[in-house]
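# A structural walkthrough
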Amino acid sequence: MEKITTHVLDTSAGRPAAGVRIRLVKDGGVIVETLTNPDGRCDQPLLRNPEPGLYRLIFSVGQYFHARGVDSPFLDEIPIDFHTSAGQSYHIPLLVSPWSYSTYRGS
């Protein structure tokens, strides 16, 4: 079954990022909004059987870092735009600190 999944790692703390708000958006509308669990993952796939097209993941990392006591994180919301094709699954991890981030297409 094809799906879209993600997880978030806090590279400044060296651990999964629990409680990060994530929104999956397509065509300007929010499909799902969720929080990461203690493992930095979502309890369920964000979307099963995604239609081909352009999607956006929005990670609200500013809220997460403020809750951790970071007074002025550089980053607030991180949007990641990506295209899907039929018959493919997509895992989009986010590695983040208060000052930088990286992502890739995982497996």
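Right above here is the structure, for reference.
Presented here is a report on the structure given in the accompanying data block.

### Some remarks on unusual backbone geometry
One non-glycine residue, aspartate 27, lies in the positive phi region at around 55 degrees. Examined against the element boundaries, aspartate 27 turns out to sit in the loop between β3 (21-26) and β4 (29-35). Despite not being glycine, asparagine 49 has its phi angle at roughly 50 degrees, a positive value. Within the secondary structure layout, asparagine 49 lies in the loop between β5 (47-48) and β6 (53-60). What makes asparagine 49 partly exposed here is its relative accessible area of 49%.

### Details of the sheet that holds β3
Judged by pairing direction, the sheet is antiparallel, and its four strands sit side by side in the order β4-β3-β6-β7 without closing on themselves. Looking at the sheet topology across the chains shown, the edges are occupied by β4 and β7 (77-84). Across this sheet, the average inter-strand angle for adjacent strands is 20 degrees, counted without regard to direction. As paired elements, β3 and β6 share six bridges and run antiparallel to each other. By the bridge assignment for β6, arginine 21 is matched with serine 60.

### Thoughts on the packing of aromatic side chains
Across all of its chains, the model carries three aromatic pairs by this definition. A centroid spacing of 5.9 Å and a plane angle of 20 degrees characterise the contact between tyrosine 55 and phenylalanine 82, whose relative ring orientation is stacked. Remark: phenylalanine 82 occurs in strand β7 and tyrosine 55 occurs in strand β6; sequence separation between them is 27 residues. There is no split in this pair, since tyrosine 55 and phenylalanine 82 are both buried. Pairing phenylalanine 82 with tyrosine 90 gives two aromatic rings, centres 6.4 Å apart and planes at 40 degrees, and the pair type is tilted. Taken individually, phenylalanine 82 and tyrosine 90 each receive the classification buried, so the pair is uniform in this respect.

### A look at the nonpolar core
Counting 24 residues, the largest nonpolar core has Ile4, Phe59 and Val61 as its most contacted members. Put simply, the parts of the chain that give this core at least two residues each are β1 (3-10), β3, β6, α1 (61-67), β7 and β8 (90-96). No other element matches the four residues that β8 contributes to this core. Sequence-distant contacts of phenylalanine 59, defined by excluding residues within four places in its chain, comprise Thr6, Val8, Val20, Arg21, Ile22, Asp76, Glu77, Ile78, Ile80, Ile92 and Leu94.

### Thoughts on the side chain of threonine 84
Here threonine 84 shows up in strand β7. Exposure remark for threonine 84: the relative accessible area of 7% places this residue in the buried category. A polar side-chain atom of threonine 84 sits 3.0 Å from the main-chain carbonyl oxygen of glutamate 51. For threonine 84, the residues in contact, after removing those within four places along its chain, are Ile4, Glu51, Pro52, Gly53, Tyr55 and Tyr90.

Calculation rules
Residues numbered from 1 in each chain as written. Predicted model: local features only at pLDDT ≥ 70, side-chain atom pairs only at ≥ 80, totals over all residues. Heavy atoms only, no water. Helix = DSSP H or I, 4+ residues; strand = E, 2+ residues; numbered from the N terminus. Buried < 20%, exposed > 50% of the residue type's maximum accessible area, 1.4 Å probe, protein only. Pairing = 2+ DSSP bridges. Axes fitted to C-alpha atoms, helices over the stretch in contact; angles between N-to-C directions. Phe/Tyr/Trp six-rings, centres within 6.5 Å; stacked < 30°, edge-to-face > 60°. Core = buried A, V, L, I, M, F, W, Y, C linked by side-chain atoms within 4.5 Å. Contact = heavy atoms within 4.5 Å. Polar contact = N/O pair within 3.5 Å; in protein donor to acceptor, adjacent residues only side chain to side chain.

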